[in-house]
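# Inside the fold
As a plain string of letters, each chain reads:
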Amino acid sequence: MKELISGVAKDTVANAANAVPLIERTSIAEPSHRFSLAILASLFFIWGFITSLNDILVPHLKNVFDLNYTEAIFVQFCFFIAYFVVSVPAGALIKRVGYQLGLVLGLLIACAGCLVFIPAARMQIYGIFLLGLFVLAAGITILQVSANPYVIALGKASTAPSRLNLTQAFNSLGTTLAPAFGGLVIFSAVASGADTTTVEGLQLFRAHEAALVEKPYFILALVLLLMVAFFSWVRLPSAPHQQPPADTAPDVDSAFRPLRYPRLMLGAIAIFVYVGAEVAIGSFLVNFFGEPSVAGMSTAQAARYVSYYWGGAMIGRFAGALLLRYVSPGLLLAVCGCCATLLIAAAMLSTGMPAVWSILAVGLFNSIMFPTIFSLAVTGLGRNTSQGSGVLCMAIVGGAIVPLAQGVMADFAGIQLSFLIPLLCYCYIVYYGTFSPMLRNGV
């Protein structure tokens, strides 16, 4: 862990003359910043769309390769483990090449990941699908390491939570549309008509079902290439910390500096459990709704309901962008965490449509969590903001660990009881929202 943090710490600007917080150096009122926010919103949209497609990919590949829940959830594990592996080198990359070229490289890598799905589908090898997901997520990680702190930089520190919530709303627009798109393209043609009771029939079934993922991911590859062309052409303003003075030298204790920031470190845990809980819930919705004791839905019908989960997050983020101008971020975070906890408990204890709508409503209260936790965690870091951003992006690995834990529990205790895992995650978020205002970054 020391080496990982040390790598992130290389982004620190140690010269005291440049210690003015990055997030207070620019003004959102400038037209160039409004334009920058608008085009950055397209990045938030596309990576939200790609991430949410995993919720369709999990049950689809589970069906194609006859996997249990633990094996199927490796779709999310391989996707989100990339955040832990790639965040540190991504921070070093952004420091070397700057935000704009970093965004272009991230888009190119994500495009390559989408193209891996074509040979994976034709060879019908689950491991190649997982490789493609890792490469795809590596590109998205570079985008996140660049875009989140950049959005915070484009305005005053006091309005950073509101601004980040606004751009995250476009991320939620992508996550809302993706399940409906995936369900239409993939699940609408699931019935291949092959006789799966014979070896030849099973092979035909798997070939047909695996081929269904080629089209959506090829379309995504084309979209990402178009975005590469656009971001190679457009001019974005440079962030002040991209040009450190020539005499800047790293601190001897830079490897341990993040440990001096209690709000940052506890915020990293909050990011870990939040992303893990949100991803875990989305990953199991299709199978949960298909349970006879819940709603007995078909996969195509359940996929449409998944859009409501992410749609709630989209609505909540637009509303949250306004609410956070008047309500304490910590208080709103704690309230949303409490509501999510109660809704999951209701879904675990009920059946039928009440269970369906209870778990879907969690999405509404997920809405403000990531940007609010992120903003709370980096507040007061000053010249170490980029370092803190790297630590928080590493914590997104929760999207790999928490769903895997729920998958193991679902195999042993049933899918409904397995929602106890995300419920415990939201309990921690209530704690962080309640007590983070009392913590400070620094010693």
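Keep in mind the model is a prediction, meaning the values are calculated, not measured. (Residues numbered from 1 in each chain as written. Predicted model: local features only at pLDDT ≥ 70, side-chain atom pairs only at ≥ 80, totals over all residues. Heavy atoms only, no water.)

## Let's talk about the overall build of the chain
Filter applied, for reference: Note on conventions: DSSP H or I runs of at least 4 residues are helices, E runs of at least 2 residues are strands, and numbering of each starts at the N terminus. Think of it in three bands: with a 1.4 Å probe and only protein chains considered, a residue is buried below 20% of the maximum accessible area for its type, exposed above 50%, and partly exposed in between. Every residue pair with non-hydrogen atoms within 4.5 Å of one another is taken to be in contact. Areas reported here follow the Shrake-Rupley algorithm with a probe of radius 1.4 Å; residue values treat only the protein chains shown as occluding.
Scanning the chain for helices and strands turns up 17 helices and 0 strands. Looking at the chain residue by residue over its 443 residues, the buried ones come to 58%. Sequence-distant contacts in the chain: of pairs separated by 6 or more residues, those separated by 24 or more amount to 85%. Just so you have it, the chain exposes about 16,900 Å², and 68% of that area is on carbon and sulfur atoms.

## Digging into a nonpolar patch on the surface
Our working rule: Only residues whose relative accessible area exceeds 30% and that form no salt bridge enter a patch; like-charged residues are grouped when within 9 Å of one another, and nonpolar side chains (Val, Leu, Ile, Met, Phe, Trp, Tyr) when within 5 Å. Criterion for a salt bridge: a side-chain nitrogen of Lys or Arg within 4 Å of a carboxyl oxygen of Asp or Glu.
Residues Leu108, Leu115, Phe218, Leu222 and Leu225 make up a contiguous nonpolar surface patch of about 420 Å² in total accessible area. In terms of residues, the nonpolar patch owes the most to one element, helix α9 (residues 214-233), which gives 3 residues. Structurally, Leu108 can be placed in helix α5 (residues 99-123).

## Concerning the packing of helix α10 (residues 262-290) against helix α14 (residues 369-378)
Geometry of a packed helix pair, given as the angle between the helix axes and the separation of the axes. As a reminder, the rule being used: Lines fitted to the C-alpha atoms define the axes, with helices restricted to the stretch that makes contact. Angles between their N-to-C directions range from 0 to 180 degrees. Any angle that is under 35 degrees is reported as roughly parallel, and any over 145 degrees as roughly antiparallel; angles of 65 to 115 degrees are reported as roughly perpendicular and all others as oblique. Definitions for this section: a left-handed crossing has its near helix turned counterclockwise from the far helix by less than a right angle. A right-handed crossing has that turn clockwise. Note on residue categories: nonpolar means Ala, Val, Leu, Ile, Met, Phe, Trp, Tyr, Cys or Pro, charged means Asp, Glu, Lys or Arg, and polar means any other residue, Gly included.
At a minimum axis separation of 8 Å, α10 and α14 run at an interaxial angle of 165 degrees. Compared by their axis directions, α10 and α14 come out roughly antiparallel. Once α10 is placed against α14, the crossing between them reads as left-handed. Contacts from Arg263, Leu264, Gly267, Ala270, Ile271, Tyr274 and Val275 in α10 reach Met369, Phe370, Ile373, Phe374, Leu376 and Ala377 in α14. A class-by-class count of the residues in the contact of α10 with α14 yields 11 nonpolar, 1 polar and 1 charged.

## Comments concerning the state of the cysteines
Our working definition: Disulfides are defined as cysteine sulfur pairs within 2.5 Å.
The full count for this structure, using the stated rule, is 0 disulfides. Distance from the sulfur of Cys111, which forms no disulfide, to the nearest cysteine sulfur (Cys114) is 6.5 Å. A relative accessible area of 5% places Cys111 in the buried class.

## Some remarks on the pattern of salt bridges
As enumerated under the stated definition, the model contains 1 salt bridge in all. Between Arg122 and Glu214 there is a salt bridge whose closest N-O contact spans 3.3 Å. You can see Arg122 sitting in helix α5 and its partner Glu214 sitting in helix α9, a full 92 residues away along the chain. Residue classification places Glu214 among the buried positions, given a relative accessible area of 15%.

## Overview of the packing of α14 against helix α17 (residues 420-435)
Their axes nearest at 12 Å, the elements α14 and α17 cross at an angle of 45 degrees. Classed by the angle they form, the pair α14 and α17 counts as oblique. Crossing of α14 against α17: the hand is left-handed. In contact with Met369, Ile373, Leu376 and Ala377 of α14, α17 contributes Tyr426, Ile429 and Tyr432.

## As for the packing of aromatic side chains
Our working definition: Any Phe, Tyr or Trp ring, taking Trp's six-membered ring, that has another such ring centre within 6.5 Å forms a pair; planes under 30 degrees apart are called stacked, those over 60 apart edge-to-face, and the others tilted. Counting as a charge over the ring demands two things of the Lys NZ or Arg CZ atom: a distance within 6 Å of the ring centre and an angle within 35 degrees of the ring normal.
Under the counting rule described, the total for this entry stands at 24 aromatic pairs. Measuring from ring centre to ring centre gives 5.5 Å for Phe65 and Tyr126, while their planes differ by 45 degrees; the resulting arrangement is tilted. Of this pair, Phe65 sits in the loop between α2 (31-64) and α3 (69-72) while Tyr126 is found in helix α6 (residues 126-153), placing the two residues 61 residues apart along the sequence. Sitting over the face of the ring of Tyr69, Lys62 holds its NZ or CZ atom 4.8 Å from the ring centroid.

## Comments concerning the nonpolar core
The following threshold applies: Each nonpolar core is a collection of buried residues, namely Ala, Val, Leu, Ile, Met, Phe, Trp, Tyr and Cys, held together in the definition by side-chain atoms within 4.5 Å.
Judged by nonpolar contacts, the single largest core of 134 residues is most densely connected at Phe289 and Ile359. Apart from the residues lying within four places of it in its own chain, the contact partners of Phe289 are Val294, Ala295, Gly296, Met297, Ala302, Tyr305, Val356, Ile359 and Leu360.

## A few points about helix α11 (residues 299-323)
Filter applied, for reference: Multiplying 1.5 Å by the helix residue count minus one yields the expected span of that helix. A 3.5 Å cut-off defines polar contacts: any pair of N or O atoms within that distance qualifies, except that in protein one atom must be a possible hydrogen donor and the other a possible acceptor, and neighbouring residues in sequence count only when both atoms are side-chain atoms.
Relative to the 36 Å expected for 25 residues at 1.5 Å per residue, α11 spans 36 Å between its end C-alpha atoms, a close match to the ideal helical length. The opening residue of α11, the one whose side-chain oxygen lies 3.2 Å from the backbone nitrogen of Gln301, is Ser298.

## Some details on α5
Each α-helix turn comprises 3.6 residues. Residues three or four places apart therefore point the same way. With 25 residues, α5 should cover 36 Å at 1.5 Å per step; its first-to-last C-alpha distance of 37 Å lies within 8% of that length. Looking one or two residues beyond α5, the residue adopting positive phi is Gln124, at roughly 55 degrees.

## Things to note about the confidence of the model for the chain
This is how it is decided: Values of pLDDT, which run from 0 to 100, indicate the predictor's confidence residue by residue.
Here the chain averages 78 in pLDDT, while 77% of its residues score no lower than 70. Note that residues 1-32 has pLDDT below 50 and, in this model, 76 contacts with residues that lie over four places away or in other chains. Ignoring residues within four places in sequence, the model shows residues 241-253, a span with pLDDT below 50, making 17 contacts including any to other chains.

## With respect to the environment of Leu404
By the secondary structure assignment, Leu404 is in helix α16 (residues 398-413). The exposure class assigned to Leu404 is buried, which follows from its relative accessible area of 19%. The spatial distance from the C-alpha of Leu404 to the C-alpha of Gln76 is 8.0 Å, given a sequence separation of 328 residues. When neighbours within four sequence positions are excluded, Leu404 is seen to be in contact with Thr70, Ile73, Phe74 and Phe77.

## Description of the side chain of Thr341
You can see Thr341 is positioned in helix α12 (residues 329-349). Classification of Thr341 by relative accessible area gives buried; the value is 14%. The contact partners of Thr341, leaving out residues within four places of it in the chain, are Leu423, Tyr426 and Cys427.

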